[in-house]
Amino acid sequence: MHRLAAHCSFARWLLCNGSLFRYVHPSEEELRALAGKQRPRGKRERWASEEKPLSVPRDAPFQLETCPLTAVDALVLRFFLEYQWFVDFAVYTGGVYLFTEAYYYATCPAREANIAVCWCLLAVAFSIKVFLTVTRLYFSAEEGGERSVCLTFAFFFLLLAMLVQVVREETLELGLEPGLASMTGNLEPLLKKQGWDWALPLVKLTVRVGLAVVGAMLGAFLTFPGLRLAQTHRDALTMAEDRPGLQLLLHASFLSPLFVLWLWTRPIARDFLQQAPLGGTSISLLSDEAFDSVRLWVLVALCLLRLAVTRPHLQAYLGLAKVRVEQLRREAGRIEACEIQRRVVRVYCYVTVVSLQYLTPLILTLNCTLLLKSLGGYSWGLGLAPTLPPIPSSADAASAGPEEDSAQETAAQIVGALDGLLTPLFCRGLLSFLVWWIAACQLLSSLFGLYFHQHLGGS
């Protein structure tokens with residue numbers, strides 16, 4: 001990856017191929033000319049000008065020039081190398097997954113480790129690391145209420161995650177109940193043999209509390225990306241007033257989390273397609289296996305749709321520099337020249353962080369979807385899904401023959417315990433919850449962002 005990044009980098013092409021342009025702040029000479037002051041020549045004049053900073057009227061008629069965003073300009077940006085490495089790794093993960101799926105389709109290996117699962121798990125871990133890095137910026141800021149906003153939304157999403165887990169499977173088919181039943185059913189023989197059968201309810205409680213805590217963390221991580229997405233969505237729609245096709249794609253991308261929530265709402269998704277009304281009768285459009293496959297394809301398509309409108313969102317963000325200057329002109333009084341330059345440059349310097357805020361939820365959702373297919377035993381085809389392999393119970397794994405030594409018996413118990421934990425049904429429930437929850441957090445935070453920027457942003 002490190003060697004290829006210098007020659008071929010999707011992340012660098014996405015951000016620095018020349019289609020995005022940034023605003024350049026006015027130079028000190030231009031501002032000095034607008035203020036009607038000449039450049040100091042003698043030593044006394046220079047010392048006097050250093051003591052008193054240059055100030056210009058806020059409504060000064062200066063113009064912001066534009067220039068393409070190039071790789072040379074982006075190299076000095078904060079988090080650019082992290083952005084490039086993370087996005088390129090996500091692209092390589094997709095390539096490894098496609099190659100692995102083609103290999104499994106062609107050879108159908110019986111027992112062979114799926115290396116694509118390891119790559120997807122690493123991509124998920126790196127996504128969480130990126131979220132932590134970006135969120136740390138808000139907690140390290142001395143001014144502003146970003147820290148309070150993160151904590152408030154974390155508490156809100158904690159309560160919401162606990163409420164979601166008590167919804168019945170007939171309404172929200174996340175698969176948590178069958179997954180927990182499968183996990184505890186395999187762990188029960190091992191725990192009874194050790195005399196720990198009392199720990200079964202504790203295991204269920206631990207899993208549910210852990211999911212609530214993870215949901216609260218993801219909600220806090222996705223709060224500011226959702227707020228930023230709402231702002232760039234509004235500005236991108238304004239910039240695409242004469243392009244109705246692009247506006248349609250922007251609306252579809254913004255509402256894509258709503259489609260994800262619909263896919264797991266059983267009465268209006270699975271049940272409706274299996275019992276679609278037609279005249280006085282009902283017909284079945286999709287079988288259970290076909291619906292599961294279609295859901296995977298729709299998730300991948302929605303992720304690609306959001307990726308396709310990345311540049312309009314980033315260009316809308318870079319346009320904030322002009323918006324801030326126009327707001328400045330509507331104010332009275334004078335302002336220091338360095339403050340004008342700082343307001344323009346600050347937008348450009350933050351573009352890699354905005355790129356990470358936009359792409360990280362997409363990468364996390366896509367990799368969780370790929371893991372859901374591989375670990376959940378689903379199929380990409382619309383026919384019958386492959387039958388789930390029988391999971392050996394922990395009791396079978398722990399009952400070693402008399403000829404085995406204690407080390408082999410301990411290893412067999414550990415493998416049996418892992419098999420009992422990571423059953424395909426449990427992986428289905430866990431990953432379905434993560435995909436659904438990420439979409440729910442994105443939708444709620446972006447809708448709140450729309451309300452904030454439309455009604456509260458100017459107050």
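Quick summary incoming for the structure in this document.

**Examining the overall build of the chain**
Consideration 1: The helix and strand tally for the chain stands at 22 helices and 6 strands.
Consideration 2: Within the chain, the fraction of its 459 residues that count as buried is 44%.
Consideration 3: In the chain, the proportion of contacts linking residues at least 24 apart, taken out of those at least 6 apart, comes to 81%.
Consideration 4: Carbon and sulfur atoms make up 63% of the accessible area of the chain, which amounts to about 24500 Å² in all.

**A look at helix 16 (residues 310-318)**
Consideration 1: The buried count for helix 16 comes to 8 of 9 residues, which makes it a mostly enclosed element.
Consideration 2: Turning to helix 16, its buried residues are Thr310, Arg311, His313, Leu314, Gln315, Ala316, Tyr317 and Leu318.

**A closer look at the pattern of salt bridges**
Consideration 1: Taken as a whole, this structure holds 11 salt bridges when the rule is applied.
Consideration 2: Residue Arg266 pairs with Glu173 through a salt bridge whose shortest N-O separation is 3.1 Å. Taken together, the residues Arg266 in the loop between helix 13 (256-263) and helix 14 (270-274) and Glu173 in the loop between helix 8 (146-164) and helix 9 (176-193) connect sequence positions 93 residues apart.
Consideration 3: A relative accessible area of 26% places Arg266 in the partly exposed class.
Consideration 4: The salt bridge partner of Asp288 is Arg270, with a shortest N-O separation of 3.2 Å. Of this pair, Asp288 sits in helix 15 (residues 288-308) while Arg270 sits in helix 14; the two residues are 18 residues apart in sequence, bridging distant segments of the chain.
Consideration 5: Here Asp288 falls in the partly exposed class, since its relative accessible area comes to 37%.
Consideration 6: Relative accessible area serves as the criterion here: at 5%, Arg270 is assigned to the buried category.
Consideration 7: When salt bridges with common partners are traced through the structure, they connect Glu173, Arg266, Arg270, Asp271, Asp288, Asp292 and Arg295 into a single cluster.

**Some thoughts on the nonpolar core**
Consideration 1: If you look at the biggest cluster of nonpolar residues, it comprises 61 residues, and the most contacted ones within it are Leu15 and Tyr83.
Consideration 2: When residues of this core are assigned to their parent elements, the largest contribution, 8 residues, is made by helix 19 (residues 351-375).
Consideration 3: For Tyr83, the contacting residues outside a window of four places in its chain are Ala11, Leu14, Leu15, Ser355, Leu356 and Leu359.
Consideration 4: Counting 51 residues, the second-largest nonpolar core is a separate cluster that includes Phe153, Phe157, Ala161 and Met183.

**Observations regarding helix 15**
Consideration 1: Here helix 15 spans 30 Å end to end across 21 residues, near enough to the 30 Å set by a 1.5 Å rise per residue.
Consideration 2: Among the residues making up helix 15, those that are buried are Ala290, Phe291, Asp292, Ser293, Arg295, Leu296, Leu299, Val300, Leu302, Cys303, Leu305 and Arg306.

**Section: the environment of Tyr103**
Consideration 1: Within the element layout of this structure, Tyr103 appears in helix 6 (residues 80-107).
Consideration 2: Discounting chain neighbours no more than four positions away, the residues touching Tyr103 are Cys108, Pro109 and Glu112.

**Here's the deal with the packing of helix 7 (residues 115-140) against helix 8**
Consideration 1: For the pair helix 7 and helix 8, interaxial distance at closest approach is 7 Å and the crossing angle is 125 degrees. Our classification of the angle between helix 7 and helix 8 gives oblique. Here Thr135, Tyr138 and Phe139 of helix 7 lie close against helix 8, whose contacting residues are Glu146, Arg147, Cys150 and Leu151.
Consideration 2: Broken down by class, the residue content of the contact of helix 7 with helix 8 amounts to 4 nonpolar, 1 polar and 2 charged.

**Section: a nonpolar patch on the surface**
Consideration 1: A surface patch of nonpolar side chains, amounting to about 730 Å² of accessible area, comprises Trp196, Trp198, Leu202, Leu205, Val209, Val213 and Met217.
Consideration 2: With respect to the helices and strands, Leu202 occurs in helix 10 (residues 200-221).
Consideration 3: On the accessibility criterion, Leu202 (45% relative accessible area) is partly exposed.

**Focus on the side chain of Thr310**
Consideration 1: You can see Thr310 is positioned in helix 16.
Consideration 2: Accessibility expressed as a relative area gives 1% for Thr310, which makes it buried.
Consideration 3: Engagement of the side chain of Thr310 in a polar contact is seen with the backbone oxygen of Leu307, the distance being 2.7 Å.
Consideration 4: Other than its neighbours up to four places away in sequence, Thr310 contacts Leu14, Tyr358 and Leu359.

Definitions and limits used
Every chain is numbered on its own, with residues counted from 1 as its sequence reads. In keeping with the model being predicted, local features are shown solely for residues with a pLDDT of at least 70 and side-chain atom pairs are shown and tallied solely at 80 or more, while totals for entire chains, interfaces and linings include all residues. Note that water and hydrogens are dropped before the side-chain values are worked out from all heavy atoms of the structure. Working definition: helices are DSSP H or I runs of at least four residues, strands are E runs of at least two. Numbering for both runs from the N terminus. The rule is simple: take the accessible area with a 1.4 Å probe, protein chains only, and divide by the maximum for that residue type; under 20% is buried, over 50% is exposed, in between is partly exposed. Contact criterion: two residues are considered in contact whenever any of their non-hydrogen atoms come within 4.5 Å of each other. For accessible areas, the Shrake-Rupley method is used with a probe of radius 1.4 Å. Any residue's cover is judged against the shown protein chains and nothing else. Here a salt bridge means any side-chain nitrogen of Lys or Arg lying within 4 Å of a carboxyl oxygen belonging to Asp or Glu. Throughout, nonpolar core names a set of buried Ala, Val, Leu, Ile, Met, Phe, Trp, Tyr and Cys residues whose side chains join them through atoms within 4.5 Å. Expected helix span is computed as 1.5 Å times (number of residues minus one). Under this scheme, a helix contributes an axis fitted over its contacting stretch, all axes are lines through C-alpha atoms, and angles between N-to-C directions fall in the 0 to 180 degree range. Under this scheme an angle from 65 to 115 degrees is roughly perpendicular, one under 35 degrees roughly parallel, and one over 145 degrees roughly antiparallel; angles in between are oblique. Gly counts as polar in this scheme, as do all residues outside two lists: the nonpolar Ala, Val, Leu, Ile, Met, Phe, Trp, Tyr, Cys and Pro, and the charged Asp, Glu, Lys and Arg. Two joining distances apply to patches: 9 Å for like charges and 5 Å for nonpolar side chains (Val, Leu, Ile, Met, Phe, Trp, Tyr), and every residue must have over 30% relative accessible area and no salt bridge. Any N or O atom pair separated by 3.5 Å or less is treated as a polar contact, with the protein-specific requirement of one donor-capable and one acceptor-capable atom, and with residues adjacent in sequence counted only for side-chain atom pairs.

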